[in-house]
Structures are given as structure tokens and as C-alpha cells.
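One letter stands for each residue in the lines below.
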Amino acid sequence: MIGADFDLFDRALAGERCWMRAADGTRLRLPTGRWLGLAGAGECRADHALIRCCDGPTVDLGCGPGRLVAALLRRGVLALGIDISPTAVAISRFRGAPALRRDLFGPLPGAGRWSYAILADGNIGIGGDPQRILARTAELLTPDGVAIVEFGPPGAGSVTRRVRLESRSHVGSWFSWASVGIDHAEQLAHATGFRVLNTAGVGGRHIAWLLRADDTMKVNAR
Ligand SMILES: C[S@@+](CC[C@H](N)C(=O)[O-])C[C@H]1O[C@@H](n2cnc3c(N)ncnc32)[C@H](O)[C@@H]1O
């Protein structure tokens, strides 16, 4: 969300009704309830699926209010959230989940040493360039690390749009946001040096587990 009006994202997390407006005029709801961990059973199942395999150091990129980091810590897994929003980081820390206020494209602790990196809930779209964010994710992982990436539904295509955040009283500036359907996971993984280990649809959400393509040992071990 580089270039976005983070003030509006912070307002949304603080409870103000905000939405994302695309350049063609369409309005998309911001699922703040899900980000805050207030959503229903389907969402819980999807969250559980996202972190189920994490048994080593895990970084959640664009962690929002930190519900996945908190769940990992409860299981005894070392985890860290990264988010550029001060409100997201404050809520995350408040619930006991460590988080750093950083741009995920900038310097981060543990680069090259994370066993798992999570891009949940549309974060493959951050910056409007899915190849760039996956390449960045690869830099953060160990050579046999796994990227856990949430995609859009099949048929959603691979689209980058100009969007902005709005509320009744505020309008943010335009920024680029991408959405990628799960049926594009293989192609995107291939283009960024990953291979798809597995995919799953859980509670209406779509997750792919991506392994660095050159790490055949880990593929064979699974
Ligand atoms: C769609 S929300 C997803 C939140 C979280 N993953 C979840 O599932 O609750 C996107 C998050 O990414 C963060 N973000 C956007 N651009 C970022 C960047 N360049 N670096 C770090 N965080 C970023 C936003 O602040 C926001 O919290």
C-alpha cells in the first residue's frame, strides 16, 4: 500500500466506516472485522489453515492487527508481524503479538532466516506488483522456506488497479493494488522462482504454499 493514505487505514481499524474505491468507481468493503479477528467460523478455519504448517520462525508481512502472529505465539512458534500502519502495530502489540512498524520492502530483521512468510488476506496485492512482493518474500526466507500466500478466487484474473481509501469525511490518494486468482498461483510462482507445494480453499478463501523451486529436498520430504 505504498503511497496510500495510511491515516484512512488507521481510521478504519479504529472503527470508522471506510471503503476502497477503484478508478472505475466501484466500491469494495474493507474487511476490518476479519483483520481484527472478529469474523465468523469460516474465517477462523481459514486463519487456522494459513498458519497450521508453521513450525519455525514465521514473519507475517502486512500483519494488520496481528491476529495470526498472536495465534502462532500461543502455539509456541516464534513469530513477528511487519506493518506500515501505526494503528495496526499498536493493536498487534496490545494483544501481545510482537510487530514492527516497517515498510516490508525496506530493511527487516532476520532477512534470509525466516522458515515461513505469510502474505494473508490480499497482501499479494501490496504495491500493485505481485512479482515484486513475491521476490521480496523470497529474500526473507531461508533457501528451504515456505511462502504462505492467500490468493483471490479462481477466475479473478491477475489485475492491478488504481484504488484509494475513502470515508464519509476523508478521501485518500490513489495507489496501486493487485488481485490475483488462485488459478494464477502456478504461473506467478514459476515467474518468481517458487513452485506450488499445495493449494487449499477454506471458508471461501484460497491459500497456496510456495517453496523455492530449487529446494527439491524439502519437496521430497513432504
Ligand atoms: C489487506 S490488509 C491485511 C491485514 C492482515 N494481513 C490481516 O489478514 O488481517 C493489508 C495490510 O498491509 C499493510 N501494508 C500495506 N503496505 C505495506 C508495506 N509496504 N509494508 C508493510 N505493511 C504494509 C497495511 O497497513 C495493512 O495492515
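Here the structure is shown first, and the text comes after it.
Heads up: these notes are all about the structure in this document. (Residues numbered from 1 in each chain as written. Predicted model: local features only at pLDDT ≥ 70, side-chain atom pairs only at ≥ 80, totals over all residues. Heavy atoms only, no water.)

Here we take up the overall build of the protein. Helix and strand counts for the protein come out as eight helices and eleven strands. In terms of overall dimensions, the protein has a C-alpha envelope of 55 × 35 × 35 Å along the principal axes. Within the protein, buried positions represent 52% of all 222 residues. Taking all contacts inside the protein whose residues are at least 6 apart in sequence as the whole, residues at least 24 apart take part in 63%. When the accessible surface of the protein is split by element, carbon and sulfur atoms take 53% of a total near 10000 Å². Here the protein contributes 27 positively and 21 negatively charged side chains, and the mean placements of these two sets differ by 4 Å. (Helix = DSSP H or I, 4+ residues; strand = E, 2+ residues; numbered from the N terminus. Buried < 20%, exposed > 50% of the residue type's maximum accessible area, 1.4 Å probe, protein only. Contact = heavy atoms within 4.5 Å. Areas by Shrake-Rupley, 256 points an atom, 1.4 Å probe, with all protein chains shown as cover. Lys, Arg positive; Asp, Glu negative; His and termini not counted. Charge placed at Lys NZ, Arg CZ, Asp CG, Glu CD.)

Here the focus is the sheet that holds strand β1 (residues 18–22). The antiparallel open sheet is built from four strands, whose spatial order is β2-β1-β8-β9. Bordering the open sheet on either side are β2 (27–29) and β9 (175–180), each of which pairs with just one other strand. Each adjacent strand pair in this sheet contributes to an overall mean axis angle of 45 degrees, direction not counted. (Pairing = 2+ DSSP bridges. Axes fitted to C-alpha atoms, helices over the stretch in contact; angles between N-to-C directions.)

Attention now goes to unusual backbone geometry. Unusually for a residue other than glycine, Asp121 sits at a positive phi of about 55 degrees. Relative to the helices and strands, Asp121 resides in the loop between β6 (114–119) and α6 (130–140). When its relative accessible area of 15% is taken as the criterion, Asp121 is described as buried.

Glancing now at the pattern of salt bridges. Enumeration according to the criterion identifies nine salt bridges in this entry. In this structure, Arg34 engages Asp121 in a salt bridge whose closest nitrogen and oxygen atoms are separated by 2.4 Å. Of this pair, Arg34 sits in helix α2 (residues 32–35) while Asp121 sits in the loop between β6 and α6; the two residues are 87 residues apart in sequence, bridging distant segments of the chain. Judged on exposure class, the residue Arg34 and its partner Asp121 are both buried. Between Arg67 and Asp47 there is a salt bridge, and its shortest N-O distance comes to 2.6 Å. You can see Arg67 sitting in helix α4 (residues 67–74) and its partner Asp47 sitting in helix α3 (residues 41–51), a full 20 residues away along the chain. Here Arg67 matches Asp47 in class, with each residue buried. Connected through shared salt-bridge partners, Asp47, Arg67, Glu150 and Arg205 make up one network. (Salt bridge = Lys/Arg side-chain N within 4 Å of Asp/Glu carboxyl O.)

The subject of this paragraph is the pairing of strand β10 (residues 194–202). In this sheet, strand β11 (residues 205–212) lies alongside β10 in antiparallel orientation, the contact comprising eight bridges. Residue Phe194 lies in a different strand from β11, and its bridge partner there is Arg212. Connecting β10 to the antiparallel partner β11 that follows it, the hairpin turn spans two residues, and Gly203 within it adopts a positive phi of roughly 55 degrees.

Judged by pairing direction, the sheet is mixed, and its seven strands sit side by side in the order β5-β4-β3-β6-β7-β11-β10 without closing on themselves. With one partner strand each, in any of the chains shown, β5 (99–101) and β10 form the two edges of the open sheet. Strand-to-strand twist in this sheet, taken as the mean axis angle between neighbours without regard to direction, amounts to 20 degrees. Of the pairings in the sheet, the one linking β6 to strand β7 (residues 141–151) comprises five bridges and is parallel in character. Across the sheet, the residue bridging to Ala117 is Ala147, located in β7. Where helix α5 (residues 86–94) meets the sheet, it contacts β4 (79–83) and β5, and its direction lies at approximately 160 degrees from that of β5. Packing against the sheet, α6 makes contact with β3 (58–61), β6, β7, β10 and β11, and its axis sits at approximately 145 degrees to β7.

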